[in-house]
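Architecture at a glance
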Amino acid sequence: MKSKALMNTSNGNEVIKIKDKLVDLIKNDPDLPTLGTSISKVVQLTSSEGQSLEQLSNFILSDPSLTLKILRLSNSITYRSTSTAVTSITTAIQLLGLNTIKTCALAMIMVDHMPRRHARAVRKELKLALSASLIGRNLAKRSAYPNADEVAIAALFKNIGRLIVAAYDDRLYDETMSLAREKGYSESQASLQKLGCTFHWLTEFALREWHIPDSIIQAMKLLPGKVLQKPKNRKEWMQQVTEFSDYAAQMAGSDNEPNMIPSTEDLLNRFGKALQLDASRLRVLVDESAEQIQDICSQISSTLADNPETQTCCHEERTESDDEVTGCHFFEAGTDSRQQQQSDDCHRSGKPLNSEDRLLSGVLEVAEILASSRFNIDSLMMLVLEKYYHSLGFKFVTICLKDCNTNSYRARYSLGFNHENIRDNFMFPDSKGGDLFSMALKRNVDLSITDATEPKIRSALPDWHTKFLPDTRSFILLPLVVQQDKPAGLIYGDRSVIAHEGITTNEMRLIKSLKAQVLVGLNDQQ
């Protein structure tokens, strides 16, 4: 950590302007702008649900640490709903819900990127933020307002100004909180006196600097009056729940100071009528949050461990699903990880040694999705791509669908290294020529090419492929034929390394089974 304490003195008398220093940290410190960029990326994945699913899946998969933590959370007792282990991000999103995954990903990103210099104060504030987010999310489940789960994000970030101070100068943080605790100041009064700005101002400044939507920022504003009435609209409801979640989080933590914990009576007097809460319902919300935070805590970081030496809360245990999300098949944004590192669990091509087991697991997982009410075509396509990608060690995989208006095939879903750029330009005409792609589509033949550099194979490749993907050394091509002689698209995956090990008979059988499940999904959509 290069940052110095915020409060420096000269000859013991002069205090540097704290507010200016805080503003400079948020704008220029190496940690905080990176944190802000990651947070902004997740928050702004709010387009159509299908597009959000693909973008969020790829964002999570581009970070191996985040992927592992999300999968572990999905397999925890609190969230897991079946006996089958969750081994893919797409299934995790289907299981937990898109909004829950967004909130959890934000919490995990915040924990991982927050400076660790002052672990005690940071740990306390992070746990309060996570608890508030969980309480907000549980209240959102009862709400009829659209996109109600957004309140969980507002609750998570409500006190990020306080967290920033704790991370960079724990002495200043302790002095400010002591002023509020011991002299009866409000937090706003105490922070204004010690920092030159309120915690709320600092929070709003950081979130605007990170381009967080205004609806989330507005939800953090306090409402006047001692007793709140039933909310008139979504904005007012968001403000009430965000404030309530912040107070109730104090009750959920085991390490909070007793004199800082609000009483049940005070909370119910202010929020009971507005949020339709009684003592029993309040207790349930607090207990649920306390239980859930232990699950999340165990997935994300030792920063949240109550005892840093024993790590009792945030231990690192290997699970059966760990092997599905570690090793040679991750990709980094802008980097082909297979060129950087070879794993002992993979062939030189990047194909895992246990490909058959992974493919079988994929077939079973996709079958469960198809049989459930959670099925939709976007999640199915992304799940199948994940299974091909992880099971066969491809650098890039895509599902192309035919555009009848232009009589051409275009990539619609993709995964892997530089996948967005490749997907946007991966298109070719339905020429019905004699090249490898046209013949495979015409005859509905599944192809596995282990060495694309062989003269016979290279001469059979279409010009567009040779020019667009010149580094391809091995690939599969699986036509998607919904009805006889009517190709609807294809599945394509490639590597930049020759796959000398090839594909076994059992592996090809499972590859075809996954393809058949895509066809079931396509038929159901027609």
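Geometry of a packed helix pair, given as the angle between the helix axes and the separation of the axes. Where helix α19 (residues 355–371) meets helix α20 (residues 377–392), the closest approach of the two axes is 9 Å, and the angle between their N-to-C directions is 170°. Classed by the angle they form, the pair α19 and α20 counts as roughly antiparallel. For the pair formed by α19 and α20, the contact residues are Ser355, Arg358, Leu359, Gly362, Glu365, Val366, Ile369 and Leu370 on the first element and Leu380, Leu383, Val384, Lys387, His390, Ser391 and Leu392 on the second. Partitioned by chemical class, the residues of the contact of α19 with α20 number 8 nonpolar, 4 polar and 3 charged.

Ordered in space as β5-β4-β3-β8-β7-β6, the 6 strands form an open sheet in which the pairing is antiparallel. The sheet is open, and its two borders are formed by β5 (427–429) and β6 (447–449), each paired with just one other strand. Pairs of neighbouring strands in the sheet enclose a mean axial angle of 20°, with direction left out of account. The sheet contact formed by strand β3 (residues 396–403) and strand β8 (residues 486–495) spans 6 bridges and is antiparallel. By the bridge assignment, Cys400 is partnered in β8 with Leu490. Relative to the sheet, α20 contacts β3, β4 (408–416), β7 (474–483) and β8, its axis offset from that of β4 by approximately 65°. Strand contacts of helix α22 (residues 436–443): β4, β5, β6, β7 and β8, with the helix running at about 35° to β7, the strand carrying the most contacts.

The final tally for this structure, using the stated rule, is 16 aromatic pairs. Ring plane angle 75° and centroid distance 6.5 Å describe the contact between Phe426 and Phe428, whose orientation is recorded as edge-to-face. Among the residues examined, Phe426 registers a relative accessible area of 0% and is labelled buried. Through a chain of ring-to-ring contacts, the aromatic side chains of Phe396, Tyr409, Phe426, Phe428, Phe437, Trp464, Phe468, Phe475 and Tyr492 assemble into a single cluster.

Look at helix α8 (residues 150–157) against helix α14 (residues 234–252): their axes get within 9 Å of each other, and the N-to-C directions meet at 45°. One finds that α8 runs oblique with respect to α14. Considering how the two elements wind past one another, α8 and α14 form a crossing that is right-handed. Facing Glu150, Val151, Ala154 and Ala155 of α8, the residues of α14 in contact are Arg234, Trp237, Met238, Val241, Thr242 and Ser245. Class assignment of the residues belonging to the contact of α8 with α14 gives a composition of 6 nonpolar, 2 polar and 2 charged.

In this section: the confidence of the model for the protein chain. Per-residue pLDDT for the protein chain has a mean of 80; in total, 80% of the residues score no lower than 70. Low pLDDT, under 50, characterises residues 9–15; the predicted model gives this stretch 4 contacts beyond four residues in sequence or across chains. Low pLDDT, under 50, characterises residues 306–343; the predicted model gives this stretch 85 contacts beyond four residues in sequence or across chains.

Once that is clear, we can look at α14. Given a rise of 1.5 Å per residue, 19 residues ought to cover 27 Å, and the 26 Å separating the end C-alpha atoms of α14 matches this to within 8%. Of all the 19 residues making up α14, 16 are buried; the element is thus mostly covered by neighbouring parts of the structure. At the N-terminal end of α14, a side-chain oxygen is found 3.3 Å from the backbone nitrogen of Lys235, two or three residues along, and the residue is Asn233.

This part takes up the nonpolar core. In globular proteins that are soluble, nonpolar side chains generally tend to be buried together. By size, the foremost hydrophobic cluster in this structure holds 123 residues, and its most contacted members are Phe157 and Phe244. If one sorts the elements of this core by residue count, α20 sits on top with 10 residues. Setting aside residues up to four positions removed in sequence, Phe244 forms contacts with Ile135, Leu139, Leu267, Phe271, Leu275, Leu277, Leu282 and Leu285. Ranked by size, the runner-up nonpolar core spans 22 residues in total, among them Cys400, Leu436, Leu447 and Leu490.

Every buried residue of α22 is accounted for by Leu436, Phe437, Ser438, Ala440 and Leu441. Measuring from the backbone nitrogen of Phe437 back to the side-chain oxygen at the start of α22 gives 3.0 Å, which picks out Asp435 as the cap.

We now examine the pattern of salt bridges. Tallied over the full model, the rule gives 17 salt bridges. Its salt-bridge partner being Glu204, residue Lys221 comes within 3.6 Å of it at the nearest N-O pair. Of the two residues, Lys221 sits in the loop between α13 (214–218) and α14 while Glu204 sits in helix α12 (residues 199–209), which places them 17 residues apart along the sequence. Measuring nitrogen to oxygen at the nearest pair gives 2.9 Å for the salt bridge that ties Asp446 to Lys515. Pair noted here: Asp446 is in the loop between α22 and β6 and Lys515 is in helix α25 (residues 505–525), with a separation of 69 residues, a long-range link. Taken as a pair, Asp446 and Lys515 share a single burial class, namely buried. One network of salt bridges, with partners in common, ties together Glu204, Arg208, Asp214 and Lys221.

On the secondary structure map, Leu477 appears in strand β7. As for Leu477 and Ser448, which are separated by 29 residues in sequence, their C-alpha atoms are 6.5 Å apart. The residues contacting Leu477, other than those within four sequence positions of it, are Leu436, Phe437, Ala440, Val445, Asp446, Leu447, Leu490 and Ile491.

This part covers unusual backbone geometry. The backbone phi angle of Gln276 is positive, close to 55°, even though this residue is not glycine. Using a relative accessible area of 60% as the deciding quantity, one classes Gln276 as exposed. Within the chain, Asn407 stands out as a residue other than glycine whose phi angle is a positive 55°. Along the chain, Asn407 turns up in the loop between β3 and β4. Accessibility expressed as a relative area gives 36% for Asn407, which makes it partly exposed.

Each value, and the rule that gives it
Every chain is numbered independently, its residues counted from 1 as its sequence is written. Note on the predicted model: pLDDT of at least 70 is required for a residue's local features to be given, and 80 or more for side-chain atom pairs to be given and counted; whole-chain, interface and lining totals, by contrast, use all residues. Just so you know, side-chain values use all the structure's heavy atoms and leave hydrogens and water out. Here, axes are lines fitted to C-alpha atoms. For helices the fit covers the stretch in contact, and angles between N-to-C directions go from 0 to 180 degrees. Only runs of H or I of at least four residues qualify as helices and only runs of E of at least two qualify as strands under DSSP, and these elements are numbered from the N terminus. With respect to orientation, any angle under 35 degrees is reported as roughly parallel, any angle over 145 as roughly antiparallel, any angle of 65 to 115 as roughly perpendicular, and every other angle as oblique. Any pair of residues with heavy atoms lying within 4.5 Å of one another is described as a contacting pair. Throughout this entry, Asp, Glu, Lys and Arg are counted as charged residues, while Ala, Val, Leu, Ile, Met, Phe, Trp, Tyr, Cys and Pro are counted as nonpolar. The remaining residues, Gly among them, count as polar. Paired strands, as defined in this entry, are two strands with at least two bridges between them according to DSSP. When the centres of two rings from Phe, Tyr and Trp lie within 6.5 Å, Trp using its six-membered ring, the rings pair. Their planes under 30 degrees apart give stacked, over 60 give edge-to-face, and anything left gives tilted. In this scheme, a residue with accessible area under 20% of its type's maximum is buried, one over 50% is exposed, and one in between is partly exposed, where area comes from a 1.4 Å probe on protein chains only. Crossing handedness is read from the near helix: turned anticlockwise from the far helix by less than a right angle, it gives a left-handed crossing, and turned clockwise, a right-handed one. pLDDT expresses how confident the predictor is about each individual residue, on a scale running from 0 to 100. Expected span of a helix: the number of residues minus one, times 1.5 Å. Polar contact is defined as a pair of N or O atoms within 3.5 Å, subject to the rule that within protein one atom must be able to donate a hydrogen and the other to accept it, and that residues adjacent in sequence are counted only when both atoms are side-chain atoms. As used here, the term nonpolar core means buried Ala, Val, Leu, Ile, Met, Phe, Trp, Tyr and Cys residues forming a set that is joined through side-chain atoms within 4.5 Å. A pairing counts as a salt bridge when a side-chain nitrogen of Lys or Arg comes within 4 Å of a carboxyl oxygen of Asp or Glu.

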